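Understanding the architecture of this molecule
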Amino acid sequence: MPEATPLRYELTNSVATITLNRPEVLNALNATMFDDLEHAFTTLAADPTVRVILLTGAGDRAFAAGADIRGLVATDATSGLAVSQRGQQVFSQIERCGKPVIACLNGVALGGGCELALACTFRLASDKARLGLPEVKLGLIPGYGGTQRLTRLIGRGQALRLMLTATIVDATEALRLGLVEEVLPAADLMPRAHQLAATIAALSPLGAAGILEAVERGDTLPLNQALTIEAEIFGRLCGTADKHEGLTAFLEKRPPTWQNR
C-alpha cells in the first residue's frame, strides 16, 4: 500500500498491522480512509497467509479522533444518510472479515474512532487511551454503528449513559465497563498485541474463523437457533483436513501443521 495513503500496512509472520496514518488530524476518518480500509480488509480477508489483523493509529495521541468534522459541515439529510451508510458498510466488513481483528488503542478513540474500535473482535488499550461517543454535542448521534454495538457490548443502561451525557472515559473505566479487554502501559501495547496475535495465529485458522462465524451469526438469535448454527459449523469442521491434523497431532503429542482446509 503506498506510503502517501492514509493507511500504513505491514505483514509479519501471518499478522497484518494496519495503521491509521493521519496523525496531523489525530487520524480522523475521511472518505479516502474509508476507501482504503475497505480495500485493505478485502485484500486481507482473501489472503490465506494472514491469520490475525492488528489495527492502530499513527503517533502517540490518537487511535482515531472520529469523523472528519469539516467533511460533515455541508451534509444535508440525503448526503448525511449516505455518509452513515458508508461508515456502517465498511465497519461491518471489518467485523465480518472472518479473521480476528484486534484494535490497539494507543490514544483517544472518540466518535467514529470509537465506533471503529467497536467493530473489531476485541480491544487492547494503552493507559493513555480515552473512549467515548460524544456526537450529541454536535447535534448528531453515532452513525457508524455505535448506538447498536456499544449497547450490545456493555448493556443498554451504561451505553445510554455514555452517549446521552457525551461522557469520555479513561482506559481504567473502559476496562471496568467491558469496553476494552486489557489496559497496558503505552510501551507494552503493541508487544502485547503481537503476543496475542501470535497465539491466535498458531492455532487452527478454520477453527478461529468458525468461532467468529458462530458468535456473529448467533449473537442476536434465540439460544435454540444459535445452537443450531454452532452445530452446523462444528459438523462442517469435522469434515476438514485440519480437524484430522489437529486430533492426530494431539494424540501423537506434537504440534499440528495447519493446512487451512
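You'll find the structure just up there.
First, a word on scope: everything that follows refers to the structure included in this document. Just so you know, these numbers come straight off a predicted model, no measurement behind them. (Residues numbered from 1 in each chain as written. Predicted model: local features only at pLDDT ≥ 70, side-chain atom pairs only at ≥ 80, totals over all residues. Heavy atoms only, no water.)

Inspection of the secondary structure puts Leu26 in the loop between strand 2 (15–20) and helix 1 (31–45). When neighbours within four sequence positions are excluded, Leu26 is seen to be in contact with Arg61, Ala62, Ala64 and Ala65. (Helix = DSSP H or I, 4+ residues; strand = E, 2+ residues; numbered from the N terminus. Contact = heavy atoms within 4.5 Å.)

Our next topic: the pattern of salt bridges. It is possible for side chains bearing opposite charge to pair when their charged atoms get close. By the definition in use, this model includes 15 salt bridges. Note that Glu252 is salt-bridged to Arg254, the shortest N-O span being 2.7 Å. Classification of Glu252 as partly exposed rests on a relative accessible area of 49%. Within the structure, one salt-bridge network assembled from shared partners comprises Glu213, Arg217, Glu232 and Arg236. (Salt bridge = Lys/Arg side-chain N within 4 Å of Asp/Glu carboxyl O. Buried < 20%, exposed > 50% of the residue type's maximum accessible area, 1.4 Å probe, protein only.)

The next thing to look at is the nonpolar core. Ile53, Leu55, Phe63, Phe91, Leu105, Leu131 and Leu150 are the most contacted members of the largest nonpolar core, which has 47 residues in total. With six residues, the top contributor of residues to this core is helix 1. Among all residues touching Leu131, those that are not within four sequence positions of it are Leu105, Ala109, Leu110, Cys114, Thr167, Ile168, Val169, Ala174, Leu179 and Val180. The next biggest cluster of nonpolar side chains, apart from the first, holds 13 residues, and it includes Ile102, Leu124, Ala197 and Ala201. (Core = buried A, V, L, I, M, F, W, Y, C linked by side-chain atoms within 4.5 Å.)

Right, let's get into the sheet that holds strand 4 (residues 62–64). Strand order in the open sheet made by the four strands is 4-6-8-9, with mixed pairing throughout. Only two strands of the sheet have a single partner each, and these edge strands are strand 4 and strand 9 (168–170). Here the average twist between neighbouring strands, direction ignored, is 20°. Examined bridge by bridge, strand 4 and strand 6 (residues 108–110) share two bridges and lie parallel to one another. Its bridge partner being in strand 6, Ala64 is matched across the sheet by Ala109. (Pairing = 2+ DSSP bridges. Axes fitted to C-alpha atoms, helices over the stretch in contact; angles between N-to-C directions.)

This paragraph deals with the pairing of strand 7 (residues 122–126). For a regular strand, side chains alternate in direction, first toward one face of the sheet and then toward the other. When you tally the buried positions in strand 7, you get five out of five residues, the bulk of the element. Alternating residues of strand 7 divide into Phe122, Leu124 and Ser126 and Arg123 and Ala125, and every residue in both groups is buried. Direction of pairing for strand 5 (residues 101–105) relative to strand 7: parallel, over a ladder of four bridges. Its bridge partner being in strand 7, Cys104 is matched across the sheet by Leu124. Relative to strand 10 (residues 182–184), strand 7 runs parallel, the two being bridged by three bridges. When the sheet's bridge partners are listed, Leu124 is paired in strand 10 with Glu182.

Below, the discussion takes up the packing of helix 5 (residues 146–154) against helix 6 (residues 156–164). It is at 7 Å that the axes of helix 5 and helix 6 come closest, and there the two elements cross at 135°. Between helix 5 and helix 6, the angle falls in the class oblique. The hand of the helix 5/helix 6 crossing is right-handed. Seen from helix 5, the contacting residues are Gly146, Thr147, Leu150, Thr151 and Ile154; seen from helix 6, they are Arg156, Gln158, Ala159, Leu162 and Met163. (Parallel < 35°, antiparallel > 145°, perpendicular 65-115°, else oblique. Left-handed = near helix turned anticlockwise from the far one by under 90°.)

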